[in-house]
Each structure stands twice: as C-alpha cells, then as structure tokens.
Amino acid sequence: MKMKKKKKLLSLLLALCLAMALVPMSVFAEETSVDNWDGTADTSWYTDHKTDTEYHFTTAEQLAGLAQLVNDKTASVSFEGKTIYLDNDLDLSGSQWTPIGNGDNFVRHFAGTFDGQYHKIMNLYHHSTGDELIRNGLFGVVSDGGTLKNLLVIDADIASNDGSLLAGILADWVNGGKVENCYTSGRIENNVGDKLVGGLIGQCTWSTQVKGCASDATVISTESDEDHVDTVGGLIGQWENSADSSSITDCWFGGSVSCNNIYSAVGGILGANFENFSGNKPGVIIKNCIVATKNITGAEPGNITWITAVVKTHVTDCIWPDTPPDGVTLDEETYPDNKGNYLAVAKLVVDWDAGTASADPTFDQSSCGTAVSNFTSADVLAGLQTNAGAGVEWVAGIGHPTFVWDDNNIP
C-alpha cells in the first residue's frame, strides 16, 4: 500500500503553529417560524444579563451578537460555563457572516455550550479574499471545553480565498472541545491553497471529540501549485497535537470532495493526522464511521483515502465503498497496493527532514472495517447499530444509514 506521490507537509507546518500557540424523539425540535437576518447584531440579551448561565436565542441578530461579544478585542466573552439554546430556525441569507471566535486557542474563542436543539441555521454566507488571516465558518474557534451540539447548518456558501489557514462550515478550528449531533450541507471552497478544509470542521486539535455528526457538503480545493498545498476532508481537514481522548466516532459523510493538487492528502472522514515532530502523540480514534459516497476525486488518486491517512492507526468498524468513482483508474502497475480502489486507511511514514509522508505498504487496512457495494443493506445498518457508542442510534435512511434525528430533521 503505497501512495503514488509523497505529500509535501506545508499545510502541516502551518497547522502545527496554530495547535501549539439516540436522542429520544421527545427532544426533537418542534416546528417553529424561521427568523431572517437583517445583517445587524443584538447583544442586549447578554449586556443586560451578564450573570446568567443560560440564554435562549430566537433571532439571527442575537446569534450575530454572540460573534460580536466573543470577537471583541478589548473585552472578549468566552461564555465558559454558560449554555446558549437555539429556540427556532434561523436564515442568514443576504449578508456576510462574521464567524463566532476570530482569535485562537488563547484569546477570542467560544468556550461555552451551544445547543441548537436540532434547529437549522440556513444559508450561512461567507466569501473572503486577500492576505488577511480571518475565520470562515459559523464558528471560527471553539476551545477550552467548548461544545457544539444538536445543530444543523443547511445550504452554507463559503469561499475562503484569503490568508486564513483553516476553513470548515460548522467551525474552522476546534481545540479541546466537543462536537455532537451536528450536520452540515452546502459548499465550501478554497482556491488559493495553504489551508486545512473540511465539510464540518477545518482543523481539530488536542482532546477534541466529534461524535454522531454528518455532512452532505461539497468540499472543493482548486489550487494545483505544489508550493500551496491543502489538506482536505469530507468531515475534517486535519488533526494535530492529539490526546488520548481525541476521537471521531459514529459519523457519516455523504457529500463530495474534489482537489486539484497532486500533493494534497484527501480523506472522506479526515484528510490527515500527521502528528507532531516528536512523534509521541497518541493519534486519533476513528470508530464506526461510514463514507457513503463515491464522489471523492483528486489530481492524485494515490493520495486519496476513503477514511483517513494517519501516522498512528486507531481506526475500527468503519465502512467505505468497494470500488472507486466512475472514471477513476488505479491500475496495478502504478498503484500495486490499492487493488483497484482507493486505500481506506493509509498508515503514514513521515520523513520530517525531507518534509514528506508516504503510505506504509505493510499495513493491513482490513482491521479498520469493511468495503461494501450496497449501503442500504441490512448488514451495514446492523453493524453500525452493534458498534454504536452510547447515546447514538443509527436508523435506515435514504441511500445509507443515518441517525434517528437526521431522519426527521434534514431536508
């Protein structure tokens, strides 16, 4: 199992700099009216109630006010120890969104709990160009135990053609946080390279846990210059500085990924986890995840994995397609270890001096899960149900298994 090309670690070095500096039916969101954003921000819900520990949002203006409070350079509020509940659907169309948390894992990040109560935030729009390092997603930075849960971001439109290093629809960067029961759809695109791009999250670091999440997003990376390399994932672009609890469990990806750079690592669940220079990090646990789409393509098929490319392999009970996309050929002479298909999991061998990574040809990916031809088969659903973590309930969906809350809320 050997990658045709060795991936240059330019995006890795940028990411490391950042890293160092089910559910019962009774709790489903009830049908409510949709609040349409007028482009303004309302912070009165906080300024008049600073000692409260719970807040309930009913307007998009209040959500924009949260971004304003967290991003304040003189008096940022992290909301650590506080919970924000979304009480109805929001429509953000028509105005440029400013992400919640425009700092890093030290300052101006969200550290509270945001509970969407299975409501939808629709038509998130953020287009940016230039050299400035800015944030792109609904949340820019979540850190210090911050939690995002029970939230659906529908029909997002993000074009991150700027100097930022991370881009994700739900969040650009989650550091030591939790993301549970969240879903994204829409489009996220980068045309300038040098970025970690994901349909759910751009980059995860430290003890972050992602559980019961899904995406149907279209993830696009168009830069082909070998000096401006992206790392791209259907769910998460890249993971660094892992901890023992770092994990992606019970997640699915059903969207599409395309990448034009021959040196980019591209994965259906996680683009890559290279780990740090000392090589003493434990790696990321990836369990009971399914890639239920063949729409993952790239300039170098040998650098594409259905699940992930990682230094330390802790991947179990996952499911992926048993054949590559139409029009993709992995001939035996060029790709002797692929057996006609993308690798599901590549165990990376990193040469830090040379700045390259390649796949260990002796690694047996059969320990990571199963390749299937029919995602709607009873066996696929039964396997996911058997291996599901606490609080996760898989059900039959249209085209592939999904979660019990997905089945009722995703349009």
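All of the points below concern the structure found in this document. Predicted model only: the values in this text are computed from it and were never measured.

1. A closer look at the nonpolar core
Argument step 1. Among the nonpolar cores identified, the biggest contains 80 residues, and Phe79, Phe114 and Leu138 are the most heavily contacted of them.
Argument step 2. It is helix 3 (residues 60–71) that provides the largest number of residues to this core, a total of seven residues.
Argument step 3. Not counting the four nearest positions on each side in its chain, phenylalanine 114 is found in contact with Phe57, Leu63, Leu66, Ile84, Leu86, Phe139, Thr147, Leu148, Lys149 and Leu151.
Argument step 4. Counting 19 residues, the second largest nonpolar core, distinct from the first, contains Tyr183, Phe375, Val392 and Phe403.

2. Some remarks on the pattern of salt bridges
Argument step 1. A complete count under the given rule lists three salt bridges for this structure.
Argument step 2. When the shortest N-O distance is used, the salt bridge between lysine 287 and aspartate 317 registers 2.6 Å. Here lysine 287 is found in strand 24 (residues 285–287), whereas its partner aspartate 317 is found in the loop between strand 28 (314–316) and strand 29 (318–321), with 30 residues between them in sequence.

3. Focus on the sheet that holds strand 7 (residues 139–143)
Argument step 1. Reading across the sheet, the five strands line up as 7-10-13-18-23 and stay open at both edges, with parallel pairing between neighbours. Taken across any chain shown, the strands that pair with only one partner, and hence form the sheet edges, are strand 7 and strand 23 (270–272). Mean inter-strand twist for the sheet, computed between neighbouring axes without regard to direction, equals 20°.
Argument step 2. Both strand 18 (residues 236–242) and strand 23 contribute to a ladder of two bridges, which runs parallel. Note that in strand 23 the partner of isoleucine 236 across the bridge is leucine 270.

4. A closer look at unusual backbone geometry
Argument step 1. Here aspartate 155, not a glycine, exhibits a phi torsion of approximately 60°, which is positive.
Argument step 2. Counting through the fold element by element, aspartate 155 comes out in strand 8 (residues 147–161).
Argument step 3. Of the residues examined, aspartate 155 reaches a relative accessible area of 46% and is grouped as partly exposed.
Argument step 4. The phi dihedral of aspartate 317 is positive, around 60°, even though this residue is not glycine.
Argument step 5. Taking the relative accessible area as the measure of exposure, aspartate 317 reaches 27% and is therefore partly exposed.

5. Describing the packing of aromatic side chains
Argument step 1. Scanning the model with the defined rule gives 17 aromatic pairs in all.
Argument step 2. Plain terms: the ring middles of tryptophan 37 and tryptophan 97 are 5.4 Å apart, the flat faces sit at 70° to each other, and that makes the pair edge-to-face. Taken together, the residues span a long stretch of sequence, with tryptophan 37 in the loop between strand 1 (35–36) and helix 2 (44–47) and tryptophan 97 in the loop between strand 4 (90–91) and strand 5 (113–122) at a distance of 60 residues. Of the two residues, tryptophan 37 and tryptophan 97, neither departs from the other in class, the shared state being buried.
Argument step 3. An aromatic cluster is built from Trp45, Tyr46, Tyr55, Phe57, Phe79, Phe110, Phe114 and Phe139, whose rings are joined through pairwise contacts.

Rules and cut-offs
Residues numbered from 1 in each chain as written. Predicted model: local features only at pLDDT ≥ 70, side-chain atom pairs only at ≥ 80, totals over all residues. Heavy atoms only, no water. Core = buried A, V, L, I, M, F, W, Y, C linked by side-chain atoms within 4.5 Å. Buried < 20%, exposed > 50% of the residue type's maximum accessible area, 1.4 Å probe, protein only. Helix = DSSP H or I, 4+ residues; strand = E, 2+ residues; numbered from the N terminus. Contact = heavy atoms within 4.5 Å. Salt bridge = Lys/Arg side-chain N within 4 Å of Asp/Glu carboxyl O. Pairing = 2+ DSSP bridges. Axes fitted to C-alpha atoms, helices over the stretch in contact; angles between N-to-C directions. Phe/Tyr/Trp six-rings, centres within 6.5 Å; stacked < 30°, edge-to-face > 60°.

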